[in-house]
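# Summary of the model geometry
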Amino acid sequence: MGYAARQPVMTGDEYLVWEAGQTDRHELVDGEVYAMAGAEAGHVTTAGNLYMALRQHLRGTPCMTFISDMKLHVAARDSYFYPDVFVTCAETDRASRLVMREPVLVIEVLSPGTAAFDRGDKFAHYRQIASLQEIALVDIGSRRCDVYRRHGEGEGLWLLHPFEAGEGVTFASVDLRLSAADLFADVDPEPAPRPRPAGSAP
């Protein structure tokens, strides 16, 4: 999802009270509140494919799968996000209705306007969640997936497991292998660039 507007600085508690009365979604990032812009069809479809596959795979287990409208709290930074898709298996999260805090898997579907933030500051925030085992970044344009897995205890070392176009993706945290066909089902390919007329400026 994209960031469309900036609001005054808030604490986490102030944000939760304020956000409850809003018609649009906002994320709180280090005290700054940002409105979430809409997403393109390919983004929404890919996130939906991931949600459905994970939901079906985890049916009957203690784990719950959420898509874009559920808040995730990063306590170490008192920040709140709406990940595209995430999974939590914690009893404390099962008892919560509005905010989750202990995910094992977080997935972001990259958009041109948010890819740098998703790979940078947001990724740095997610790494500080002690329960988190995997962070996946899905690139629709290239059909590639970068999965980062926590190595050892603590929050220091994350290892990249890249999945190239056509390979699909494996989420070790929940023991799920998803084919490329299922991951990108009903997602139109990126349009090829149109050739310029001869003699036109670059």
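Residues numbered from 1 in each chain as written. Predicted model: local features only at pLDDT ≥ 70, side-chain atom pairs only at ≥ 80, totals over all residues. Heavy atoms only, no water.

### Details of the overall build of the protein
When helices and strands are tallied, the protein shows six helices and 14 strands. Sorting the 202 residues of the protein into buried and exposed places 47% on the buried side. By sequence separation, contacts in the protein at least 24 residues apart represent 54% of the contacts at least 6 residues apart. For the protein, the accessible surface area stands at approximately 10,700 Å², while carbon and sulfur atoms represent 52% of it. (Helix = DSSP H or I, 4+ residues; strand = E, 2+ residues; numbered from the N terminus. Buried < 20%, exposed > 50% of the residue type's maximum accessible area, 1.4 Å probe, protein only. Contact = heavy atoms within 4.5 Å. Areas by Shrake-Rupley, 256 points an atom, 1.4 Å probe, with all protein chains shown as cover.)

### Focus on the layout of surface pockets
The volume enclosed by the second largest pocket comes to roughly 170 Å³. In terms of lining residues, the second largest pocket is bounded by Leu 16, Glu 19, Ala 20, Gln 22, Asp 24, Arg 25, Asp 69, Lys 71, Tyr 82, Leu 98 and Val 99. (1 Å grid on protein atoms, 1.4 Å probe; cavity = no way out; pocket = protein on both sides within 12 Å on 5 of 7 lines; lining within 4 Å. Points joined across faces, edges and corners; volume = space filled by probe spheres on them.)

### Notes on the packing of aromatic side chains
The full count for this structure, using the stated rule, is four aromatic pairs. When the centroid spacing of 5.4 Å and the interplanar angle of 35° are considered together, the rings of Phe 66 and Phe 86 count as tilted. Here Phe 66, found in strand β4 (residues 64-67), pairs with Phe 86, found in strand β7 (residues 85-88); they are 20 residues apart in sequence, far enough to count as distant. When sorted by exposure, Phe 66 lands in the same class as Phe 86, which is buried. (Phe/Tyr/Trp six-rings, centres within 6.5 Å; stacked < 30°, edge-to-face > 60°.)

### Here we look at the environment of Met 36
Mapped onto the secondary structure, Met 36 falls in strand β3 (residues 32-37). Residue classification places Met 36 among the buried positions, given a relative accessible area of 10%. In sequence terms Met 36 and Asp 24 are twelve residues apart; their C-alpha atoms lie 7.3 Å from each other.

Bear in mind that shape data such as this cannot, by itself, settle questions of function.
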